[in-house]
Amino acid sequence: MALRSHIVGCGAYLPDRVVANAELAQSLDTSDAWIVERTGIHQRHIAAAGEFTSDLAAAAARAALSHAGLAAGDIDLIVLATATPDRTFPATAARVQAKLGMTRGAAFDVQAVCSGFIYALAVADNFVRVGQARTALVIGAETFSRILDWTDRGTCVLFGDGAGAVVLRATAAEPGGAGILSTHLHSDGRYEDLLYVDGGPSSTQTVGHLRMVGREVFRHAVTNLAAVVGEALAANGLTADAIDWLVPHQANQRIMDSTARKLGLPAERVISTVARHANTSAASVPLALAEGVRDGRIRQGQLLLLEAMGGGFTWGACLARW
Ligand code: ACO
C-alpha cells in the first residue's frame, strides 16, 4: 500500500515581547515608513532572556499535538529546522524531545536557514512514505534576534523570533486525498557570500552575526521561487489556478507579491504574516500555515503551495492537499 503524509495538526508560538518599528528607530538611523515601504514589516516578536529556540519549538509542538488530538508518546520522529540552535550540540530537536517528555523515536535538526521548514517537511515526508516513521513532528523554530547585528540597519529590522510545527501521520495514498503531494528541494552553495553568519564553531569559535547583501538576495529569491513553484505544479500536472492558498516564506512582502503575481494569484489567496512577525526564517511557513488554519481560511480539501528561499542558497516548495 502506497503511503502519504497527512498533515493532521499544526501549531504556533510567538514570544510575548513585541518590538514595533518605531522602537528600533529610537536607536537606529531608520524609520517606520522606510521599513514598511521596503518590506511590509510593522513589528516583530523577540524572545525573552533565557527563552531558547527549544522553548519556542516545544510550545509550538504542544499546540500542534493538541490540534491533532495526539500525545507526545504517539510521535516516533522529530525533525526540527533551525539556524539558531540552543547549543552547537546536541540537536535542538533532542532537547525538544526531552521537554515533551518523549523517550522513544528519533530526533534531529535540519539546517537550511529560511528554507529549513520545507527541507524538514521533505525529510519527514520521506520517512513516512517509506514506512520508517508513522507519526512525525516537523518544527521550524528560530531566535534570530540572537544572531543579529543590532547596529546594522540593513539587516536587524528584517527578522523576528518564533516557532511553528505540524504533525504528519501516515495514511493510504488515495487520488485526490489529503496529504503531501510532493516536495522539491534545491541548493546552490556558490552564493554563500550574499547571506551568511560570520561565525561558527569550526571557523571562528564565536556565534557571529548575520550578514547580507539584501538587493542581491532579493533578486535570487524572486527567480528561484518562481522556478521551484513551477516545478512543483508541473510535477503534479497542475496549473496555478488550482492553488487555493500560497503559504510563502515571509521574508518581505515584495518578494511574496512578486511570486503571487507570476502565478497570477490574487493577494487574497496568499497567507501573509510578515507585517506582524517579520522574517522568522525556518518558522515563517509553519507560523503562516497555523494562522490560516486557526482563522478558518484554510479548509479541508484545499490545495496549498508552500515555498521558501534562504541562505546557502537553499530553496524549495511543497504541494499539499489539506
Ligand atoms: N532604514 C533606512 N535606510 C536603510 C535601511 C533601514 N533599515 N536599510 C538600508 N537602508 C538604506 C541603505 O543604506 C541604502 O542607502 P544608500 O542608498 O544611501 O546607500 C538604501 O537604504 C537602499 O538600500 P538597499 O539595500 O539597496 O535597499 P533595498 O531596496 O534593496 O531594500 C532590503 C533592502 C529590504 C533588505 C531588500 O533588499 C530585501 O528585502 N532583500 C531581501 C533580503 C531578505 O529578505 N533576506 C532575508 C533572508 S533570505 C530570505 O529570507 C529570502
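Residues numbered from 1 in each chain as written. Predicted model: local features only at pLDDT ≥ 70, side-chain atom pairs only at ≥ 80, totals over all residues. Heavy atoms only, no water.

**Description of the nonpolar core**
- Grouped together as the largest cluster of nonpolar side chains are 44 residues, with contacts concentrated most on Val 157, Leu 233, Ile 243, Leu 246, Leu 263, Leu 305 and Phe 313.
- Of all elements in the fold, only α7 (214-235), α8 (253-263), β12 (303-310) and β13 (314-321) reach the threshold of two or more residues within this core.
- The element contributing the most residues to this core is α7, with seven residues.
- Residue-level mapping places this core at the junction of two domains, with at least three residues from each of domain 1 (3-172) and domain 2 (179-321).
- In this structure, Ile 118, Val 166, Ile 271 and Ala 290 belong to the second largest nonpolar core, which totals 37 residues. (Core = buried A, V, L, I, M, F, W, Y, C linked by side-chain atoms within 4.5 Å. Buried < 20%, exposed > 50% of the residue type's maximum accessible area, 1.4 Å probe, protein only. Helix = DSSP H or I, 4+ residues; strand = E, 2+ residues; numbered from the N terminus. Domains from an automatic or database assignment.)

**Things to note about the pairing of β13**
- Among the eight residues in β13, seven count as buried, and that is most of the element.
- In this sheet, β13 lies alongside strand β8 (residues 179-187) in antiparallel orientation, the contact comprising eight bridges. Within β13, the residue paired with Ser 187 across the bridge is Thr 314.
- Both β12 and β13 contribute to a ladder of eight bridges, which runs antiparallel. What sits directly across from Gly 310, in β13, is Thr 314.
- A loop of three residues connects β12 with β13, the two strands running antiparallel in sequence, and Gly 312 in this loop sits at a positive phi of about 140°. (Pairing = 2+ DSSP bridges.)

**Digging into the domain arrangement of the protein chain**
- The assigned domain composition of the protein chain is domain 1 (3-172) and domain 2 (179-321).
- Once you take the C-alpha centre of each, domain 1 and domain 2 turn out to be 14 Å apart.
- Interface area, domain 1 with domain 2, both sides summed: about 3800 Å², of which 69% is carbon and sulfur.
- Of all residues in domain 1, the largest losses of buried area upon contact with domain 2 belong to Cys 114, Ile 118 and Tyr 119, amounting jointly to 17% of the total for that side.
- There are one salt bridge connecting domain 1 and domain 2.
- Salt-bridge contacts for Arg 211 lead to Asp 149; the nearest nitrogen and oxygen are separated by 3.0 Å.
- Counting the contacts that link domain 1 with domain 2 gives 18 residue pairs in polar contact (both at pLDDT 80 or more).
- By residue number, the principal contributor to the side of domain 1 that touches domain 2 is strand β1 (residues 3-13), which donates eight residues.
- Its residues placed into classes, the side of domain 1 that touches domain 2 shows 25 nonpolar, 18 polar and nine charged. (Buried area = accessible area lost by both parts, 1.4 Å probe. Salt bridge = Lys/Arg side-chain N within 4 Å of Asp/Glu carboxyl O. Polar contact = N/O pair within 3.5 Å; in protein donor to acceptor, adjacent residues only side chain to side chain. Nonpolar A, V, L, I, M, F, W, Y, C, P; charged D, E, K, R; others polar.)

**As for the pairing of strand β7 (residues 161-172)**
- Within β7, nine of the twelve residues are buried, leaving the element largely enclosed by the surrounding structure.
- Sheet topology places β1 next to β7; ten bridges connect them, and they run antiparallel. Within the sheet, the bridge partner assigned to Gly 9 lies in β7 and is Val 167.
- In terms of strand pairing, strand β6 (residues 135-143) meets β7 through nine bridges, oriented antiparallel.

**Side note on the environment of Ala 94**
- The residue Ala 94 is located in helix α4 (residues 92-99) in this model.
- On the basis of relative accessible area, Ala 94 is assigned to the partly exposed category, the value being 28%.
- The spatial distance from the C-alpha of Ala 94 to the C-alpha of Ile 78 is 8.2 Å, given a sequence separation of 16 residues.

**Here's the deal with the packing of aromatic side chains**
- With the rule as written, the count across this model stands at three aromatic pairs.
- Between Phe 108 and Phe 127, the ring centres sit 6.1 Å apart and the planes meet at 40°, which makes this aromatic pair tilted. Within this pair, whereas Phe 108 is found in strand β5 (residues 106-110), its partner Phe 127 is found in helix α5 (residues 116-129), the two being separated by 19 residues in sequence. (Phe/Tyr/Trp six-rings, centres within 6.5 Å; stacked < 30°, edge-to-face > 60°.)

**Concerning the sheet that holds β8**
- Spatially, the four strands line up as an open sheet ordered β8-β13-β12-β11, and their pairing is mixed. The sheet is open, and its two borders are formed by β8 and β11 (245-248), each paired with just one other strand. Averaged over neighbouring strand pairs, the angle between their axes works out to 15° when direction is ignored.
- Those strands touched by α8 are β11 and β12, and its axis lies near 145° from that of β11.
- On the sheet, helix α10 (residues 284-294) packs against β11 and β12 and is oriented at approximately 145° with respect to β11. (Axes fitted to C-alpha atoms, helices over the stretch in contact; angles between N-to-C directions. Contact = heavy atoms within 4.5 Å.)

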